[in-house]
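# Remarks on the overall topology
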Amino acid sequence: MDNKINKCLKEQCDAVVVGAGHAGCEAALALARLGFDTVIFTVSVDSIAMMPCNPNIGGSSKGHLVREIDALGGEMGKNIDATFIQSKMLNQSKGPAVHSLRAQADKKNYSQLMREKLEEHDNISVKQAEVTELIVEEGKITGIKTYTGAVYECSVCILCTGTYLKSRCITGEVSVQTGPNGLMSANYLSKSLKEHGIQLRRFKTGTPARIDGNTVDYTKMEPQYGDEKIVPFSFTNKSEDLEREQVKCWLTYTNEQTHEIIRDNLDRSPLYSGIIKGTGPRYCPSIEDKVVRFADKNRHQVFIEPEGLYTSEVYIGGMSSSLPEDVQADMYHTVPGLEHARIVRNAYAIEYDCIDSLECKPSLELKKIEGVYSAGQANGSSGYEEAAAQGLMAGINAARKLQAKEPIILDRSQAYIGVLIDDLVTKGTNEPYRMMTSRAEYRLLLRQDNADLRLTPIGYEAGLIDDDRYQNLLQKEQLIENEIKRVKHTSVGGTKEVQRLLEEHKSTPLVSGITLAELIRRPELSYDAIFEIDIDRPDLPEDVCEQVNINIKYEGYIVRQEKQVKQFVKLEKKRIPENIDYSVINSLRLEAMQKLQDIRPESMGQAARISGVSPADISVLLVYLENFKR
């Protein structure tokens with residue numbers, strides 16, 4: 001056997017990335033841009049950056065992640081800006097903390113452009129092969145082995161396996177050992193991970209049917225338009241450069257007839273018959289799950305979304321299912337506008353292995369194998385954006401390991417990415433994890449509009465942001481600071497022009513002088529609204545004006561959150577020694593001791609967020625650490 005292995009292909013590289021989905025692409029590009037020879041493996045080169053489910057990027061909280069990825073020097077924002085077919089800012093009627101950008105993608109173009117980005121980079125080699133084994137020596141990764149026996153020696157490896165590990169797709173009573181979209185599954189790497197002591201979980205997700213758009217009656221649906229003014233995902237793009245003709249999406253609804261068909265066939269649903277063993281996503285349930293869980297609702301929203309400009313396929317958003325094929329046909333045909341729709345691809349559920357995210361450090365390096373990182377759905381998360389964010393951070397930290405530098409770890413007060421990773425590695429997840437704005441405690445500070453101000457300096461430090469972009473950011477910061485100072489120190493009186501403007505906006509007239517900042521803070525006014533009476537206003541870029549308005553209008557709330565962050569940072573700065581033995585701390589409760597021993601938090605802040613660790617346990621730990629230091 002050894003002789004045969006020696007005759008197989010052997011190659012050397014700095015880094016291996018397993019999987020070329022959204023996490024793998026960001027990881028490989030980060031490593032390559034930082035100068036490291038990287039091989040990225042995929043079961044099919046045609047599946048690079050594939051969108052096996054929804055044809056869009058962004059959305060509530062996910063839009064924040066994409067803009068943070070861009071601010072750090074990642075690729076997803078640029079890629080969707082180049083390939084979107086409709087763009088829309090969500091939640092505009094609410095405060096800026098929850099505004100989220102969402103864009104419909106041309107699936108084929110999105111995938112193709114990302115593939116070009118990989119292939120054109122000198123430091124990246126794309127390889128179609130199934131990785132079956134990690135080669136580990138003395139607790140460190142030294143290489144990987146493929147199904148054909150080829151060995152690639154490496155110093156770091158990033159696992160971005162998506163939903164392919166021992167995956168099977170399920171439609172009704174039919175189960176097929178395959179990955180998404182009929183691609184082959186990866187059936188051997190799970191065994192290798194288990195042999196190295198890595199705990200795995202079995203998760204499930206699903207997707208709706210795709211139908212022929214030519215067979216849809218759109219007259220029975222409500223059109224959904226994109227925004228006239230495009231807001232780019234990437235801070236390197238300008239609105240006017242992204243103007244293009246946009247496609248329409250459509251809104252329709254299920255009804256009682258739909259629900260009756262589903263209820264009558266629950267015994268044939270693999271979700272309820274016991275065929276599906278994996279845990280599904282609570283926040284993105286299948287239509288049969290919705291009908292059961294929300295029995296009081298007589299209808300559910302259904303979004304009809306084009307998959308691209310050069311295909312008639314459309315996506316039935318909100319109706320993912322694993323019901324049998326005949327039930328799917330009956331069910332979809334009850335929806336207004338879909339009465340005669342022809343199904344191109346059946347809906348299905350997919351089960352797959354993933355790593356217990358508590359196996360990861362905050363850097364996303366596995367605790368049990370030095371040099372191996374894990375990102376995306378391999379860590380039990382869901383969504384393209386969550387995957388890309390983890391892939392980027394894993395790529396940055398793998399590169400920093402090769403550079404003999406400390407990892408970059410974003411905390412919960414710095415980024416949605418910090419919240420995402422901290423939740424996964426500190427709390428773990430019992431279901432596919434989805435990012436939501438409600439998970440971010442400091443969301444007023446972590447807005448999508450200021451992602452560059454928060455994170456581009458970190459991307460510059462990491463080496464993914466060039467000097468020109470960094471200097472532009474410093475200039476933007478200075479313009480914002482100067483303009484905020486100016487409006488705080490500029491007063492206006494009750495002149496005829498001022499009173500007329502206030503009357504137009506139904507704002508209280510002035511009886512004495514007032515600063516421009518105080519006017520901006522009025523709910524009915526804004527920085528733009530007072531333009532006419534601000535005679536000394538400089539000509540400023542639109543993104544600078546936006547920051548001036550938000551920082552003045554929400555100053556009180558922002559200052560309050562900044563105080564909360566200072567308290568948070570105090571606990572985060574209290575580091576916990578790596579070699580601490582929690583089992584000798586007598587006053588700790590047993591559950592807390594076991595959780596701390598397993599997770600091994602790096603700071604007191606992280607320890608306090610572990611489920612099962614009480615404030616009393618933290619107090620005991622603080623006292624112990626003081627004695628430990630002495």
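Structure's up top.
Now for a look at the structure at hand. (Residues numbered from 1 in each chain as written. Predicted model: local features only at pLDDT ≥ 70, side-chain atom pairs only at ≥ 80, totals over all residues. Heavy atoms only, no water.)

### Quick notes on the layout of surface pockets
Where we set the bar: Within this scheme a cavity is a closed region of a 1 Å grid, computed over the protein atoms alone, that accommodates a 1.4 Å probe without allowing it to escape, whereas a pocket is open but has protein on both sides within 12 Å along at least five of seven lines; lining residues each have an atom within 4 Å of a point. Grid points are joined across faces, edges and corners, and a volume is the space filled by probe spheres set on the points. The helix and strand labels rest on DSSP assignments: H or I over at least four residues marks a helix, E over at least two residues marks a strand, and numbering proceeds from the N terminus. Polarity classes work like this: nonpolar for Ala, Val, Leu, Ile, Met, Phe, Trp, Tyr, Cys and Pro, charged for Asp, Glu, Lys and Arg, and polar for all others, with Gly in that last group.
As a volume, the second largest pocket reaches approximately 1500 Å³. Lining the second largest pocket are 41 residues, with Val231, Glu542, Asp543, Val544 and Glu546 positioned closest to its centre. Of all the secondary structure elements, the ones that give two or more residues to the lining of the second largest pocket are helix H13 (451-462), helix H14 (467-488) and helix H17 (542-553). Ranked by residue count, the leading element in the lining of the second largest pocket is H17, at eight residues. Across the lining of the second largest pocket, the residue classes break down as 13 nonpolar, 13 polar and 15 charged.

### Things to note about the sheet that holds strand E11 (residues 156-159)
Quick note on the threshold: Strands are labelled as partners when DSSP assigns at least two bridges between them. To obtain each axis, a line is fitted to C-alpha atoms, and for helices this fit is confined to the stretch in contact; angles are then taken between N-to-C directions over 0 to 180 degrees. Here, residues are in contact when the closest pair of their heavy atoms is within 4.5 Å.
Spatially, the five strands line up as an open sheet ordered E7-E3-E2-E11-E22, and their pairing is parallel. Of all the strands in the sheet, the pair left with one neighbour each is strand E7 (124-128) and strand E22 (372-374). Averaged over all pairs of adjacent strands, the angle between their axes in this sheet comes to 20 degrees, without regard to strand direction. Both strand E2 (residues 15-18) and E11 contribute to a ladder of four bridges, which runs parallel. Paired with Ala15 across the two strands is Val156, which belongs to E11. Strands E2, strand E3 (38-42), E7 and E11 of the sheet are contacted by helix H2 (residues 22-33), whose axis makes an angle of about 170 degrees with E3. Packing of helix H11 (residues 384-402) onto the sheet brings it into contact with E11 and E22, and relative to E11 it is tilted by some 170 degrees.

### Examining the side chain of Ser111
Selection rule: Exposed residues in this analysis have more than 50% of their type's maximum accessible area, buried residues have under 20%, and partly exposed residues fall in between, with area computed by a 1.4 Å probe over protein chains only.
Counting through the fold element by element, Ser111 comes out in helix H5 (residues 107-119). Taking the relative accessible area as the measure of exposure, Ser111 reaches 13% and is therefore buried. Each residue touching Ser111, except ones within four places of it in the same chain, is listed here: Asp46, Ile48, Ala49 and Met50.

### So, the nonpolar core
Generally speaking, nonpolar side chains in soluble globular proteins are found buried as a group. Put simply, the rule is: By nonpolar core we mean a set of buried residues, namely Ala, Val, Leu, Ile, Met, Phe, Trp, Tyr and Cys, connected to one another through side-chain atoms within 4.5 Å.
Residues Leu134, Cys157 and Ile417 are the most contacted members of the largest nonpolar core, which totals 103 residues. If one sorts the elements of this core by residue count, H11 sits on top with ten residues. Ignoring any residue separated from it by four or fewer positions in sequence, one finds Cys157 in contact with Val16, Val18, Leu134, Ile141, Ile144, Gly371, Val372 and Tyr373.

### A few points about the pattern of salt bridges
Definition in use: Salt bridges are counted wherever a side-chain nitrogen of Lys or Arg sits within 4 Å of a carboxyl oxygen of Asp or Glu.
Applying the stated rule across the entire model yields 51 salt bridges. A salt bridge links Arg500 to Glu504, with the shortest nitrogen-to-oxygen separation between them at 2.9 Å. One end of the pair, Arg500, and the other, Glu504, are both in helix H15 (residues 496-504), four residues apart, so they sit about a helical turn from each other. Through salt bridges that share partners, Arg412, Asp422, Asp423, Lys427, Glu441, Glu572 and Arg609 make up one connected network.

### Here's the deal with the packing of aromatic side chains
Counted only if it meets this: Two rings from Phe, Tyr or Trp (for Trp, the six-membered ring) form a pair when their centres are within 6.5 Å of each other. A pair whose planes differ by under 30 degrees is stacked, one over 60 is edge-to-face, and the rest are tilted. Any Lys NZ or Arg CZ found within 6 Å of a ring centre and within 35 degrees of that ring's normal is scored as a charge over the ring.
Scanning all chains against the criterion turns up five aromatic pairs. Both rings, one in Tyr460 and one in Tyr470, keep their centres 3.9 Å apart while their planes meet at 5 degrees; by these two values the pair is stacked. Pair noted here: Tyr460 is in helix H13 and Tyr470 is in helix H14, with a separation of ten residues, a long-range link. Geometry around Tyr253 places Arg299 over its ring, the cationic atom sitting 3.6 Å from the centre. Across from the ring centre of Tyr527, 3.6 Å away, lies the NZ or CZ of Arg537, which sits over that ring.

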